[in-house]
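# Architecture and fold: a report
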Amino acid sequence: MSSSRLGLSLVICLINISKARRKYVVENIAKAALLEENGQKHPKVSVLNMFSDQDYNRSVITIAASVDTLGRCVLAACLEAFQSVDLEVQEGIHPCLGAVDLISICPLSGVGVEECEAVARSDSEVCVVCDTCGCGLPQVHMALTAAMGSLF
């Protein structure tokens, strides 16, 4: 049975983090996306994959979540990244725009591109306010990947 028949509105999100060489930092960022404010695992959120490239010193965390919870999950991951990634000492062959370089949000099931765009816009406004590095560079660059229909 498909998730749309179950009434779930699912999205997938790829968060590009400017850190790979310290695995525990990447894992803590992913963990932050999974947890509710009370510290319990959120039932509508899953980390599907974490890929780290040591040369680039970047990681991509792939999250699947209901559209109504994704925004909070992304913000929690971004806040953890802002606190954990020191751009002053960040080295890698890929230039970084911030602790979080890019966030792509795509519809999976029961949700349209417009809803993904609304989450991306809302999160990007909050993340810009959360710029804590003091270096004058953006800490996060939001992007919307517009998929035609759902992926599955």
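Refer to the structure presented above.
Anyway, here's the lowdown on the structure attached to this text. Everything numeric in this text was worked out from a predicted model, so none of it was measured.

Calculation criteria
Residues numbered from 1 in each chain as written. Predicted model: local features only at pLDDT ≥ 70, side-chain atom pairs only at ≥ 80, totals over all residues. Heavy atoms only, no water. Helix = DSSP H or I, 4+ residues; strand = E, 2+ residues; numbered from the N terminus. Buried < 20%, exposed > 50% of the residue type's maximum accessible area, 1.4 Å probe, protein only. Contact = heavy atoms within 4.5 Å. Areas by Shrake-Rupley, 256 points an atom, 1.4 Å probe, with all protein chains shown as cover. Expected span 1.5 Å × (residues − 1). Core = buried A, V, L, I, M, F, W, Y, C linked by side-chain atoms within 4.5 Å. Pairing = 2+ DSSP bridges. Salt bridge = Lys/Arg side-chain N within 4 Å of Asp/Glu carboxyl O. Disulfide = S-S within 2.5 Å.

## Here's the deal with the overall build of the chain
Check the secondary structure of the chain and you find three helices and five strands. Order of helices (α) and strands (β) in the chain, N terminus to C terminus: β-α-β-β-α-β-α-β. Buried residues in the chain amount to 42% of all 152 residues. Counting contacts in the chain only where the partners sit at least 6 residues apart, residues at least 24 apart contribute 75% of the total. Accessible surface, the chain: about 8100 Å² in total, of which carbon and sulfur atoms supply 56%.

## What about helix α1 (residues 23-34)?
Here α1 spans 17 Å end to end across 12 residues, near enough to the 16 Å set by a 1.5 Å rise per residue. Among all positions in α1, only Val25, Val26, Ile29, Ala30, Ala32, Ala33 and Leu34 are buried. Those residues of α1 hidden inside the fold are in contact with β1 (10-17), β2 (45-53), β3 (58-66) and α2 (67-84).

## Description of the environment of Gln83
The residue Gln83 is located in helix α2 in this model. Separated by 54 residues in sequence, Gln83 and Ile29 place their C-alpha atoms 9.7 Å apart.

## With respect to the nonpolar core
Counting 31 residues, the largest nonpolar core has Ile15, Ile17, Ile29, Leu70, Val100, Ile103 and Ile105 as its most contacted members. The set of elements that each furnish at least two residues to this core consists of β1, α1, β3, α2, β4 (100-109) and α3 (113-129). Tallying contributions element by element places α2 first for this core, with eight residues. Those residues in contact with Ile29, other than ones at most four positions away along the chain, are Ile17, Ile61, Ala77, Glu80, Ala81 and Val85.

## A closer look at α2
With 18 residues, α2 ought to run about 26 Å at 1.5 Å a step, and its terminal C-alpha atoms sit 26 Å apart, in line with that. Residues of α2 that are buried include every one of Val67, Thr69, Leu70, Gly71, Cys73, Val74, Leu75, Ala77, Cys78, Ala81, Phe82 and Ser84, and no others.

## Considerations on the pairing of β1
Along β1, six of the eight residues are buried, which leaves the element largely enclosed by surrounding structure. Pairing geometry for β1 and β3, over eight bridges, is antiparallel. When the sheet's bridge partners are listed, Cys13 is paired in β3 with Ile63. Relative to β4, β1 is paired through eight bridges, and the arrangement is antiparallel.

## Let's talk about the pattern of salt bridges
Counted according to the given criterion, the structure contains one salt bridge. A salt bridge links Glu27 to Lys23; the shortest N-O distance between them is 3.7 Å. With Glu27 and Lys23 both in helix α1 and four residues apart, this pair spans about one turn of that helix. With a relative accessible area of 33%, Glu27 lands in the partly exposed category.

## So, the state of the cysteines
Throughout the structure, instances matching the rule amount to zero disulfides. Among the cysteines around Cys13, which has no disulfide bond, Cys78 carries the closest sulfur, lying 8.1 Å off. Between Cys73, a cysteine without a disulfide, and Cys13, which holds the nearest cysteine sulfur, the sulfur-to-sulfur distance is 9.0 Å.

Interpretation in functional terms is not warranted from these geometric data alone.
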